[in-house]
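Chain by chain, the residues:
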Amino acid sequence: MFKLPSLPYDYDALEPYISARTMHCHYDDHHQGYLKKLNNALDDIDFEYRTVEDIVKKTAGRKELTHVYNNAAQVWNHAFFWNCMKAGGGGEPTGELKEAIERDFGSFQSFRRAFIDRATARFGSGYVWLVKRDDNLVIRDSANADPSYVAGDPPFTSGNDPLLCCDLWEHAYYLDYQNGRAEFVETFIDNLVDWDFVSAQLVGDTVQPRLVAAE
Ligand code: MN3
């Protein structure tokens, strides 16, 4: 059985950019819902695992275990997404992350524009990601529950590390922004991103959630 980590802040901490109502719906209903479905499906798994990441890796591409993959991936994606934000976040990164963004995108503003454009171009539900691909930073988008892997690569392989993600499912923004996905992602970048978390992913001082099964 798995348990969710607590939200890293109060439900109303991200107001006025994300309402407490959205956070309750998103964490209590959606994230806990994925967890419950994952726990209910653990008996279907025919391999050894210790973490949610193990389950995502080993069920990727297995049609008969799609229900396990989708819920495991959503459990992980949301735990990661919560950590990508904080009250008083946004603005611009500093240090090594700032240098890497300027090296690979030209400037922070070019990165910001590309991230927002990628998010608005994604048709339907999914995520937009900043990924460390080998030694470069790249922007990716993924469909539905898929983590940040590029087509053809298995998820959570080294050399393909997620640094930042924004949830593009309508449940992430509809109560606050209706169909204004671009406005939501602009607000995410400008007012919510926890660049310290993103920097920690980049330098390998990883604080990303390791979701381990309870003994
Ligand atoms: Mn979501």
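Please refer to the structure placed before this passage.
The present account deals with the structure reproduced in this document. Going along each chain's sequence as written, the residues are numbered from 1 onward. Given that this is a predicted model, residues contribute local features only at a pLDDT of at least 70 and side-chain atom pairs are listed and counted only at 80 or more, while totals for whole chains, interfaces and linings are drawn from all residues. Remark: hydrogens and water are excluded; side-chain values derive from all non-hydrogen atoms of the structure.

1. Description of unusual backbone geometry
Filter applied, for reference: Think of it this way: any DSSP run of H or I at least four residues long counts as a helix, any run of E at least two long counts as a strand, and we number them from the N terminus. Relative accessibility decides the category of a residue: with a 1.4 Å probe and only protein chains considered, values under 20% of the type maximum give buried, values over 50% give exposed, and everything between is partly exposed.
The peptide bond linking Glu15 to Pro16 adopts the cis configuration, its omega dihedral lying at 5 degrees. By the secondary structure assignment, Pro16 is in the segment before α1 (20–41). For Asn144, which is not glycine, the phi torsion reads 55 degrees and is therefore positive. The residue Asn144 is located in the loop between β2 (136–143) and β3 (160–167) in this model. What makes Asn144 partly exposed here is its relative accessible area of 44%. The phi dihedral of Gln178 is positive, around 50 degrees, even though this residue is not glycine. Structurally, Gln178 is set in the loop between α6 (174–177) and α7 (181–192). For Gln178, a relative accessible area of 42% gives the class partly exposed.

2. Observations concerning the sheet that holds β2
For sheets, the rule is that strands pair by backbone hydrogen bonds, running either parallel or antiparallel. We count it as follows: Only strands that DSSP links by at least two bridges are regarded as paired with each other. Note on geometry: axes are lines fitted to C-alpha atoms, helical ones only across the stretch in contact, with angles between N-to-C directions running from 0 to 180 degrees.
Strand order across the open sheet formed by 3 strands is β2-β1-β3, with antiparallel pairing between neighbours. Two strands in the sheet have a free side with no partner beyond their single neighbour: β2 and β3. Within this sheet the neighbouring strands show an average axis-to-axis angle of 25 degrees, counted without direction.

3. Digging into the pattern of salt bridges
For clarity, the cut-off: By definition, a salt bridge exists where a carboxyl oxygen of Asp or Glu is found within 4 Å of a side-chain nitrogen of Lys or Arg.
Enumeration over the complete set of coordinates arrives at 10 salt bridges. When the shortest N-O distance is used, the salt bridge between Asp46 and Arg62 registers 3.0 Å. Here Arg62 lies in the loop between α2 (52–59) and α3 (66–83) and Asp46 lies in the loop between α1 and α2, a separation of 16 residues in the sequence. Judged by its relative accessible area of 54%, Asp46 falls in the exposed class. The partner of Asp196 in a salt bridge is Lys86, and the shortest N-O contact between them spans 3.5 Å. Taken together, the positions of Asp196 in helix α8 (residues 195–202) and Lys86 in the loop between α3 and α4 (95–105) put the pair 110 residues apart, joining distant regions of the chain. Classification of Asp196 by relative accessible area gives exposed; the value is 53%. Salt bridges here are not isolated pairs; linked through shared partners, they connect Asp46, Arg62 and Glu64.

4. So, the coordination of the manganese ion
Counted only if it meets this: Because no water is among the atoms considered, metal sites can look incomplete, with donors defined as N, O and S atoms within 2.8 Å of the metal, or 3.2 Å for Na, K and Ca.
The protein atoms that coordinate the manganese ion are His26 (NE2), His78 (NE2), Asp167 (OD) and His171 (NE2), at distances of 1.9 to 2.2 Å. In primary sequence terms, the donor set of the manganese ion follows H-x51-H-x88-D-x3-H. Pair noted here: His26 is in helix α1 and His78 is in helix α3, with a separation of 52 residues, a long-range link. Looking at His78, the relative accessible area reads 0%, which means it is buried.

5. Describing α4
The periodicity of an α-helix, 3.6 residues per turn, causes residues three or four places apart in sequence to face the same way. As a reminder, the rule being used: For this quantity, the arc is that covered by the directions from the helix axis to the C-beta atoms. Whether two residues are in contact is decided by their heavy atoms: any pair within 4.5 Å suffices.
Taken together, the buried positions of α4 are occupied by Leu97, Ala100, Ile101 and Phe105. The buried residues of α4 occupy an angular sector of 100 degrees when the element is viewed end-on, so they sit on one face. Relative to its buried face, α4 has exposed residues pointing more than 90 degrees away, namely Glu99 and Arg103. Lining the buried residues of α4 we find α5 (108–121), β1 (126–133), β2 and α8. Looking one or two residues beyond α4, the residue adopting positive phi is Gly106, at roughly 95 degrees.

6. So, the environment of Met85
Tracing the chain through its elements places Met85 in the loop between α3 and α4. A residue is classified by how much of its surface remains accessible, and Met85, at 1% relative accessible area, is buried. Each C-alpha atom, one on Met85 and one on Trp195, is 8.3 Å from the other, the two residues being 110 residues apart in sequence. Not counting chain neighbours up to four residues away, the residues in contact with Met85 comprise Tyr9, Leu14, Ile18, Phe188, Leu192, Val193 and Asp194.

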